[in-house]
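# Structure at a glance
Here are the chains, one letter per residue:
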Amino acid sequence: VKAGPVKTTKAKKKIGVARSPKNDRKLKIRELQFKFDASAAARVPMKTVVRFKPESGSANGISIITQCSVDRLERLVAMASMWKGPIVCVLYAGAVGYNATSEEVASVVEKAYSTHSMVKESYPECALDLQVVVETEPPLEQAETMVEDWVRAYPINRLRNVALNAARTTHVFN
């Protein structure tokens, strides 16, 4: 067997990120996220309106932790139909005084109750722990310093953290 000449390739030097509207948008989002994380908006309090706990549960095992809004409750039910263990879900009802009235929050609580009852009855091997939370309005002096583009962003990480704190098992799946 004859060996041919060895080819070497030079790594291409990356000069910079090409400017495009998509890259500009990504950079702007990162900048706003950084500002938001350092702002008072990241500390707007979450308040648990109601919590529907399972009747029993073991500290051993694995919990699924998740979050959702009311329009995703069907997916929660589908998850409960396939998981034989604890699920901790934080259901976001909005920001009281901004995008959620007390009547809308009451409607979310009713839907949460019916979903929890249906899962409990239809899938008894799934222990669903369902919390309904709202954001409360920050004090006025904090509201004035918030970054406008991120003030009312869906608080996915904060909701996941609430679910993580509510988990009663030794391990979680996120």
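A brief report on the enclosed structure follows. Within each chain, residue numbers correspond to sequence positions counted from 1 in written order. In view of the model being predicted, local features appear only for residues whose pLDDT reaches at least 70, and side-chain atom pairs are presented and counted only at 80 or more, with totals across whole chains, interfaces and linings using the full set of residues. Water and hydrogen atoms were dropped before computing side-chain values, which therefore reflect all heavy atoms in the structure.

### Quick notes on the sheet that holds strand E4 (residues 127-135)
Whether two strands pair comes down to DSSP finding at least two bridges between them. By definition, any uninterrupted DSSP run of H or I lasting at least four residues is a helix, any uninterrupted run of E lasting at least two residues is a strand, and each is numbered from the N terminus. In spatial order, the strands read E1-E4-E3-E2-E5; together these 5 strands make up an open sheet with mixed pairing. Each having just a single partner strand, strand E1 (46-52) and strand E5 (171-173) make up the two edges of the open sheet. Pairwise comparison of adjacent strand axes, ignoring direction, gives a mean angle of 25 degrees for this sheet. Where strand E2 (residues 62-69) lies against E5, 3 bridges are found, and the strand directions are parallel. Among the inter-strand pairings, Ile-64 is bridged to a residue of E5, identified as Phe-173. Residues are treated as being in contact if the distance between any of their heavy atoms lies within 4.5 Å. Angles here are taken between N-to-C directions and fall from 0 to 180 degrees, while the axes themselves are lines fitted to C-alpha atoms, restricted in helices to the stretch in contact. Against the sheet, helix H5 (residues 156-166) contacts E1, E2, strand E3 (86-95), E4 and E5, and its axis sits at roughly 145 degrees relative to E2.

### Some details on the pairing of E4
Most of E4 sits inside the fold, with 9 of its 9 residues counted as buried. Side-chain alternation along E4 places Ala-127, Asp-129, Gln-131, Val-133 and Glu-135 on one buried face and Leu-128, Leu-130, Val-132 and Val-134 on a second face that is also buried. Inspection of the sheet shows E1 paired to E4 by 6 bridges, in the antiparallel sense. Its bridge partner being in E4, Thr-48 is matched across the sheet by Val-133. Inspection of the sheet shows E3 paired to E4 by 8 bridges, in the parallel sense. Of the residues in E4, the one forming a bridge with Ile-87 is Leu-128. When a residue's accessible area, from a 1.4 Å probe over protein chains only, is under 20% of the maximum for its type it is buried; when over 50% it is exposed; and in between it is partly exposed.

Distances and angles like these do not, on their own, reveal function.
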